[in-house]
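Here are the chains, one letter per residue:
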Amino acid sequence: MENLSGRKIMDVLNGKKFEKPPVWLMRQAGRYLPEYREIRKQAGSFLEVCYNPELAIEVSIQPIRRFGFDASILFSDILVVPDALGREVRFVEGEGPRLEPIDAVEIAKLVEAYDRDAALAHLKPVLETVSGLRGELPKQTTLLGFCGAPWTVATYMIAGRGTPDQAPARLFSYSNPDAFARLLELLSDISADYLISQLKAGADAVQIFDSWAGVLGEKDFERWCIAPVKRLVDRVRKELPDAKIIGFPKGAGEFYSTYRQKTDVDALGLDWTVSNSLGRSLQKEGAVQGNLDPMKIIAGGKALDSGIDDILEAFGNGPHIFNLGHGITPQAPISHVEQLVKRIRG
Ligand code: CP3
């Protein structure tokens, strides 16, 4: 297959297929790498790495240096957006993110006080990371920017932390639908402007992480997941008509197809519960990315090899980016990641 752009992932996003698919891993820069843990120790806190372009560039490149992945993803977090809106975010060691839970009154104030330029100014170091990274990455490496989907970011803003099934945000959306809609619109707009800025700073494509898409029923999925992402995508494409966008509505199951049709993303990130038959039918409509269970990286051996082979066989006839079905975990052995790359590249 001819390689048009020199960046395989960009070719897949344009509908090309490769005998050996390009590969990157969600959360590929992180705690399973000793060189990441070293930088984290120096920096102090996780957010300090996110807001320090020099350190963020270094940790973004670490997995490229080690494994030669086809994409580098900007090192940051989806929660820098609420942080930029003035809803201060902290990360508690071993526990995860903490925010002051937001209510309807605070949402009204947030919308009222919204200052787009101030929010983007807060995110400027992240944009510096993007432009610096593009300068340092190998030519053939795709640079991915990202943001969280409005629904997923809102779940953390409402609960103030991660919860197993996002019950606080679901409850809030039923009890305060108007306030919730306003919050999602605000997140859509700032996230669109943030992605536009990342693309202008040198990102080749962007991914929208909707890690909590799978906890919504049908109508709520339309309203809280699809509609805000569509608003976001439309706003990006209005300014940058050729922008390439990967959507990752984790756990969307039977709603994956309508998600692609209605949001118009270029590729769908599949989680590991998506069957080969559903995956293949989604692939007829456009590129797919995924979908190895991250636990198979920890297991290694035969579980890893046969998991990889199964995915290569399922998606080998269409545009496919090899990835996990969710982020790699701190327990992943480096030798198993090497095994994965070797198996895919053959
Ligand atoms: O993929 C990459 O390598 C780029 C960096 C990246 C991070 N977070 C770094 C990170 C990306 C793309 C994310 C996305 C993200 N962040 C999501 C969506 C994807 C997903 O995993 O569901 C979500 C929900 C978040 C919010 C978040 N950030 C949580 C819930 C946590 C705590 C859980 C955990 O793994 O510790 C984080 C922390 C975080 N984000 C770390 C990293 C490397 C670990 C922090 C540390 O180094 O101490």
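Residues numbered from 1 in each chain as written. Predicted model: local features only at pLDDT ≥ 70, side-chain atom pairs only at ≥ 80, totals over all residues. Heavy atoms only, no water.

A. Spatial organisation of the overall build of the chain. The number of helices and strands found in the chain is 17 helices and nine strands. Expected size for 346 residues packed as a compact globule is a radius of gyration near 20 Å; at 19 Å, the chain falls within 12% of this value. Along the first, second and third principal axes, the C-alpha atoms of the chain reach 55 × 45 × 40 Å. Scored against the burial criterion, the 346 residues of the chain give a buried share of 58%. Carbon and sulfur atoms make up 49% of the accessible area of the chain, which totals about 14400 Å². Between the mean site of the 42 positive side-chain charges and the mean site of the 46 negative ones, the chain shows a separation of 4 Å. (Helix = DSSP H or I, 4+ residues; strand = E, 2+ residues; numbered from the N terminus. Rg over C-alpha atoms; globule rule 2.2 N^0.38 Å. Buried < 20%, exposed > 50% of the residue type's maximum accessible area, 1.4 Å probe, protein only. Areas by Shrake-Rupley, 256 points an atom, 1.4 Å probe, with all protein chains shown as cover. Lys, Arg positive; Asp, Glu negative; His and termini not counted. Charge placed at Lys NZ, Arg CZ, Asp CG, Glu CD.)

B. Here's a closer look at helix α14 (residues 276–283). Buried residues of α14: Gly279, Leu282 and Gln283, and no others. Here the buried residues of α14 occupy an arc of 100 degrees about the axis, which is enough to place them on one side. Buried residues along α14 sit in contact with α13 (256–263), β7 (267–269), β8 (287–292), α16 (301–315) and β9 (320–324). (Arc of directions from axis to C-beta. Contact = heavy atoms within 4.5 Å.)

C. The pattern of salt bridges, seen in detail. Counted under the stated rule, the structure contains 25 salt bridges. Across the salt bridge formed by Asp266 and Arg237, the nearest N and O atoms sit 2.8 Å from each other. Linking Asp266 in the loop between α13 and β7 with Arg237 in helix α12 (residues 218–239), this pair joins segments that are 29 residues apart in sequence. Of the two residues, Asp266 and Arg237, both sit in the buried class. (Salt bridge = Lys/Arg side-chain N within 4 Å of Asp/Glu carboxyl O.)

D. Inspection of the sheet that holds strand β1 (residues 71–73) at higher detail. On the basis of which strands lie adjacent, the open sheet formed by seven strands has the order β1-β4-β5-β6-β7-β8-β9 and parallel pairing. Both edges of this open sheet fall to β1 and β9, since each of them pairs with a single strand only. The mean angle between the axes of side-by-side strands here comes to 25 degrees, regardless of whether they run parallel or antiparallel. Pairing geometry for β8 and β9, over five bridges, is parallel. Residue pairing in the sheet places Leu292 in a bridge with Leu324 of β9. Along the sheet face, α13 touches β6 (245–249), β7 and β8 and points at about 145 degrees away from the line of β7. (Pairing = 2+ DSSP bridges. Axes fitted to C-alpha atoms, helices over the stretch in contact; angles between N-to-C directions.)

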